[in-house]
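Residue-level structural notes
Listed below, chain by chain, are the residues.
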Amino acid sequence: MKDLSEFDVKGRRVLVRADLNVPLDGDAITDDGRIRASVPTIRELADKGARVVVCAHLGRPKGEPNPKYSLAPVAKRLGELLGAEVVFATDVVGESAQDVVKALQDGQVALLENLRFEPGEESKDDALRAAFAEKLAALAEVYVGDGFGAVHRKHASVYDVPLLLPHAAGRLVVAEVEVLKKLTDDLARPYAVVLGGAKVSDKLGVIGNLLTKVDRLLIGGGMAYTFLAAQGYEVGRSLLQKDQLDQVRGFLNEAAKRGVELVLPVDVLAATEFAEDAEYEVVDATAIPADRQGLDIGPRSRELFASKLADAGTVFWNGPMGVFEFEAFSGGTRAVAEALVQSEAFTVVGGGDSAAAVRKLGLPEDGFSHISTGGGASLEYLEGKTLPGLVALEA
């Protein structure tokens, strides 16, 4: 991938594909982590005198304008972080975008409206996607790919546009790839991976691939109940993917065959309902009452997981251990995060809900070696998949 330093950007229009897909409560940003991660590349370009045109997506507006998913609040926050106004275009490639870009001066920054308001952005029709990509590329002279959270998508702004313009990888993408290479090449062992989140089906590929590489695999979150059920245990009304039981049994057998230590919760917080104020009790993970559902790993599991991470040389964590959004069921996720902070290992938080949990729980971000901005992209990289956005930047 070409480096930013290879381009003289002064006075040139530079299109930056950023990942600004932040959670909103109305028009209030509840976690600005991805915006902050995008600032270094944007600031560097502006300081070098580029006319910076930022593009990004937010949510799933399904190819048409929807005020609920407007990037206007993001433009305001980005401006605050940069310490300079970010001019906002109210469309993506239309009259507003063209006028805003045309008026940019050296060192100024603009943000286009949500890319996904345009049907061509996510289209599986190559011709439709290419037509939109040409309009987007026409706004700039150079392309910088810095939206790591989207590099696993074959979308117009991620894949097609860089093929039309001189291009380079942004600082964030370079940093993310360097970290992920450390997780796949020269590892410090023991290598422990902690996987959580709701569904086993979301992580089938990465589990299969990791079983050939890790020393320990710790499973928590909603997906743990499918592993427990695959061993014949009652999981009550806990999240369960019955159609994945055979696949999970295969994972259990493969782990045993390869000598991988597969660690499951030994106790859970079993609640009467899925609610913040639900009544709950701590029960053995192998004996969850039929009328209750597990919403977090229990105190013994937290100690167990922490002990399995204490002597690790490398740790990758993706997915919360419970419903961390509810205070009563955030203890398991906090315990794993704190174990990583206390560890001397090379620790990587794999984006998505894990990164959000670190910030929500108020833990020091510099307590981890790296916090990724891209959950899905990180997992697909570790799965060994080809990521379209990286392929385009390497072209």
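The structure under discussion appears in the preceding block.
Quick look at the structure, then. None of the values given here were measured: they were computed from a predicted structure. (Residues numbered from 1 in each chain as written. Predicted model: local features only at pLDDT ≥ 70, side-chain atom pairs only at ≥ 80, totals over all residues. Heavy atoms only, no water.)

**Side note on the overall build of the protein chain**
A count of helical and extended segments in the protein chain gives 15 helices and 17 strands. For 395 residues, the compact-globule formula gives about 21 Å, and the C-alpha radius of gyration of the protein chain, at 22 Å, lands near that figure. Across its three principal axes, the protein chain shows a C-alpha extent of roughly 65 × 45 × 40 Å. Within the protein chain, the fraction of its 395 residues that count as buried is 55%. Within the protein chain, contacts between residues at least 6 apart in sequence are counted, and of these 73% link residues at least 24 apart. Taken as a whole, the protein chain presents about 16300 Å² of accessible surface, with 46% of it coming from carbon and sulfur. Where the 43 positive side-chain charges of the protein chain centre and where its 59 negative ones centre are 3 Å apart. (Helix = DSSP H or I, 4+ residues; strand = E, 2+ residues; numbered from the N terminus. Rg over C-alpha atoms; globule rule 2.2 N^0.38 Å. Buried < 20%, exposed > 50% of the residue type's maximum accessible area, 1.4 Å probe, protein only. Contact = heavy atoms within 4.5 Å. Areas by Shrake-Rupley, 256 points an atom, 1.4 Å probe, with all protein chains shown as cover. Lys, Arg positive; Asp, Glu negative; His and termini not counted. Charge placed at Lys NZ, Arg CZ, Asp CG, Glu CD.)

**Here's the deal with the pattern of salt bridges**
Pairing between side chains of opposite charge can happen when their charged atoms approach one another. Using the criterion set out here, one finds 30 salt bridges in the structure. Taking the shortest distance from any N to any O, the salt bridge between Glu 365 and Arg 36 comes out at 3.2 Å. With Glu 365 in the loop between α13 (352-360) and β17 (370-371) and Arg 36 in helix α1 (residues 33-47), this residue pair connects regions lying 329 residues apart in the sequence. Judged by its relative accessible area of 32%, Glu 365 falls in the partly exposed class. Using a relative accessible area of 32% as the deciding quantity, one classes Arg 36 as partly exposed. Through salt bridges that share partners, Asp 31, Asp 32, Arg 36, Arg 77, Glu 80, Arg 359 and Glu 365 make up one connected network. (Salt bridge = Lys/Arg side-chain N within 4 Å of Asp/Glu carboxyl O.)

**Side note on the sheet that holds strand β16 (residues 346-349)**
Taken together, the six strands give an open sheet; going across it, the order is β11-β10-β9-β15-β16-β17, and neighbouring strands pair in parallel fashion. The sheet terminates laterally at β11 (261-263) and β17, the two strands that pair on one side only. In this structure, strand β9 (residues 191-195) lies alongside strand β15 (residues 314-318), joined through five bridges in parallel fashion. Bridged to Val 194 within β15 is Trp 317. Across the sheet, helix α11 (residues 299-310) is in contact with β9, β10 (216-219), β11 and β15; its angle to β10 comes to roughly 155°. (Pairing = 2+ DSSP bridges. Axes fitted to C-alpha atoms, helices over the stretch in contact; angles between N-to-C directions.)

**Topic: the nonpolar core**
Counting 73 residues, the largest nonpolar core has Leu 136, Leu 217 and Phe 227 as the members making the most contacts within it. In terms of residue count, helix α9 (residues 224-230) provides more of this core than any other element does, six residues in total. Setting aside its immediate chain neighbours within four residues, Phe 227 contacts Val 200, Ile 207, Ile 219, Val 248, Phe 251, Leu 252, Leu 262 and Leu 264. Counting 29 residues, the second largest nonpolar core, distinct from the first, contains Val 14, Ala 46, Leu 82 and Val 86. (Core = buried A, V, L, I, M, F, W, Y, C linked by side-chain atoms within 4.5 Å.)

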